[in-house]
Amino acid sequence: MGKDVIVACDFAGAAETFAFLDRFSGRKPFVKIGMELFYAEGPEIVRQIRRRGHRIFLDLKLHDIPNTVKKTMSVLRDLDVDLVNLHAAGTRRMMEAALEGLTRPDGTRPMLIAVTQLTSTDQTAMEEDLWIREPLELVVLHYARNARDAGLDGVVCSPLEAAKVHEACGAGFLTVTPGVRFADPGRAPDDQKRVMTPAEAKRVGSDYIVVGRPITAAEDPVAAYERCLREFCG
Ligand code: C5P
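Here's a quick rundown of the structure. (Residues numbered from 1 in each chain as written. Predicted model: local features only at pLDDT ≥ 70, side-chain atom pairs only at ≥ 80, totals over all residues. Heavy atoms only, no water.)

Considerations on the environment of leucine 118
Here comes step 1: With respect to the helices, strands and loops of the structure, leucine 118 is situated in the loop between strand 5 (111–115) and helix 6 (123–128).
Here comes step 2: Here the alpha-carbon distance between leucine 118 and histidine 87, two residues 31 residues apart in the chain, equals 9.2 Å.
Here comes step 3: Each residue touching leucine 118, except ones within four places of it in the same chain, is listed here: Lys61 and His87. (Helix = DSSP H or I, 4+ residues; strand = E, 2+ residues; numbered from the N terminus. Contact = heavy atoms within 4.5 Å.)

Examining the packing of helix 7 (residues 136–149) against helix 8 (residues 162–169)
Here comes step 1: At their nearest, the axes of helix 7 and helix 8 sit 10 Å apart, and the two run at 45° to each other. Taken together, the axes of helix 7 and helix 8 lie oblique to each other. Crossing of helix 7 against helix 8: the hand is right-handed. In this structure, helix 7 contributes Glu137, Leu141, Ala144, Arg145 and Arg148 to the contact, and helix 8 contributes Lys164, Val165, Ala168 and Cys169.
Here comes step 2: The residue makeup of the contact of helix 7 with helix 8, split by class, is five nonpolar, no polar and four charged. (Axes fitted to C-alpha atoms, helices over the stretch in contact; angles between N-to-C directions. Parallel < 35°, antiparallel > 145°, perpendicular 65-115°, else oblique. Left-handed = near helix turned anticlockwise from the far one by under 90°. Nonpolar A, V, L, I, M, F, W, Y, C, P; charged D, E, K, R; others polar.)

With respect to the sheet that holds strand 8 (residues 208–211)
Here comes step 1: What the eight strands build is a closed barrel, ordered 1-2-3-4-5-6-7-8; its pairing is parallel. Across this sheet, the average inter-strand angle for adjacent strands is 25°, counted without regard to direction.
Here comes step 2: Relative to strand 4 (residues 83–87), strand 3 (residues 56–62) runs parallel, the two being bridged by three bridges. Bridging from a neighbouring strand, phenylalanine 57 pairs with leucine 83 of strand 4. (Pairing = 2+ DSSP bridges.)

Observations concerning the pattern of salt bridges
A pair can form between side chains of opposite charge whenever their charged atoms are brought close.
Here comes step 1: Following the criterion strictly, the structure yields 18 salt bridges and no others.
Here comes step 2: Between arginine 109 and aspartate 153 there is a salt bridge whose closest N-O contact spans 2.7 Å. With a gap of 44 residues between them, arginine 109 in the loop between helix 5 (92–102) and strand 5 and aspartate 153 in the loop between helix 7 and strand 6 (154–156) connect regions that are remote in the sequence.
Here comes step 3: Among the residues examined, arginine 109 registers a relative accessible area of 27% and is labelled partly exposed.
Here comes step 4: By relative accessible area, which is 17% here, aspartate 153 ends up buried.
Here comes step 5: What you see here is one network of salt bridges that share partners, running through Arg50, Asp80, Asp82 and Arg104. (Salt bridge = Lys/Arg side-chain N within 4 Å of Asp/Glu carboxyl O. Buried < 20%, exposed > 50% of the residue type's maximum accessible area, 1.4 Å probe, protein only.)

Thoughts on the packing of aromatic side chains
Here comes step 1: The full count for this structure, using the stated rule, is five aromatic pairs.
Here comes step 2: Between phenylalanine 24 and tyrosine 225 the ring centres are 5.5 Å apart and the planes differ by 80°, which places this aromatic pair in the edge-to-face class. In this pair, phenylalanine 24 is assigned in the loop between helix 1 (14–22) and strand 2 (30–34) and tyrosine 225 in helix 11 (residues 221–233), connecting sequence segments 201 residues apart.
Here comes step 3: On the accessibility criterion, tyrosine 225 (5% relative accessible area) is buried.
Here comes step 4: Three or more aromatic residues joined by ring pairs form one cluster here, namely Phe11, Phe20, Phe24 and Tyr225. (Phe/Tyr/Trp six-rings, centres within 6.5 Å; stacked < 30°, edge-to-face > 60°.)

What about the pairing of strand 3?
Here comes step 1: When you tally the buried positions in strand 3, you get six out of seven residues, the bulk of the element.
Here comes step 2: Note that strand 2 and strand 3 share four bridges and pair parallel. Following the sheet pairing, lysine 32 is matched in strand 3 by phenylalanine 57.
Here comes step 3: Crossover handedness for the path strand 3 to helix 4 (residues 66–77) to strand 4: right-handed. (Right-handed = clockwise from strand over helix to strand, strands pointing away.)

With respect to the state of the cysteines
Here, disulfide denotes a covalent bond that connects the sulfur atoms of two cysteines.
Here comes step 1: This model, assessed by the stated rule, comprises zero disulfides.
Here comes step 2: Just so you know, cysteine 9 is unpaired, no disulfide at all, and the nearest cysteine sulfur is the one on cysteine 228, 13 Å from it.
Here comes step 3: Judged by relative accessible area, cysteine 9 falls into the buried class, the value being 0%.
Here comes step 4: Cysteine 228 provides the cysteine sulfur closest to cysteine 233, a residue in no disulfide bond, and the two sulfurs are 8.9 Å apart. (Disulfide = S-S within 2.5 Å.)

Section: the pairing of strand 8
Here comes step 1: Every second residue of strand 8 is oriented toward a common face, with Tyr208 and Val210 on one face and Ile209 and Val211 on the other, all of them buried.
Here comes step 2: Across four bridges, the pairing between strand 1 (residues 4–8) and strand 8 is parallel. Paired with isoleucine 6 across the strands is valine 210, a residue of strand 8.
Here comes step 3: Sheet topology note: the strand 7 (residues 174–177)/strand 8 ladder contains two bridges and is parallel. Across the sheet, valine 176 pairs through a bridge with tyrosine 208, a residue of strand 8.

Rendered as structure tokens:
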């Protein structure tokens, strides 16, 4: 897997999702299916998008006891997606169990990455709500090392953290980064607090960028997707 743009299909249902994907005619972007769409439509939406020839990041962020996560991962394994994720906060044991569940009898498996701290969690929320007193950046790196030690392939993180994660966990450890916005004057970052352009994300070494609204809400989503590709992969 090389550098690529993953399009976050944050739509409420199948009809809207397919109308969006149809606009790409021959192109097959790598797509992210999140909780909203998955819970609305069930696993069939994954199979349908797969049949259309897209690579899929199934963003369900599992977090439960190791046995439950292991058994759930073996269900997701059979959906034949490319990338799945979980919360590193579930502990190393949970991550190891997840890998066991995800691995097929022939040894192949989808890639597995961990969420360290959500980009919506800031230092204050972490200290006051979670009672974690260390600096946010150290917590992110600690969770990333846990994920690496458990055998995972990488983490979801802010593009601002990508270089540090590579330093701590090795260049081959994947950084998948949301929080991407074009450098257009007057363009609001929506609810993303810390953003980078696709070109900046490339410079700091992100392996994949996850882009939602800058593509899905664009007047011409295909042009916006191509611009992302040019800036990030070009
Ligand atoms: O529309 P936008 O580009 O902000 O979409 C970013 C996508 O990445 C959304 O699907 C969001 O849920 C996801 N994401 C995120 N921050 C994280 C993890 C996932 O924005 N830390």
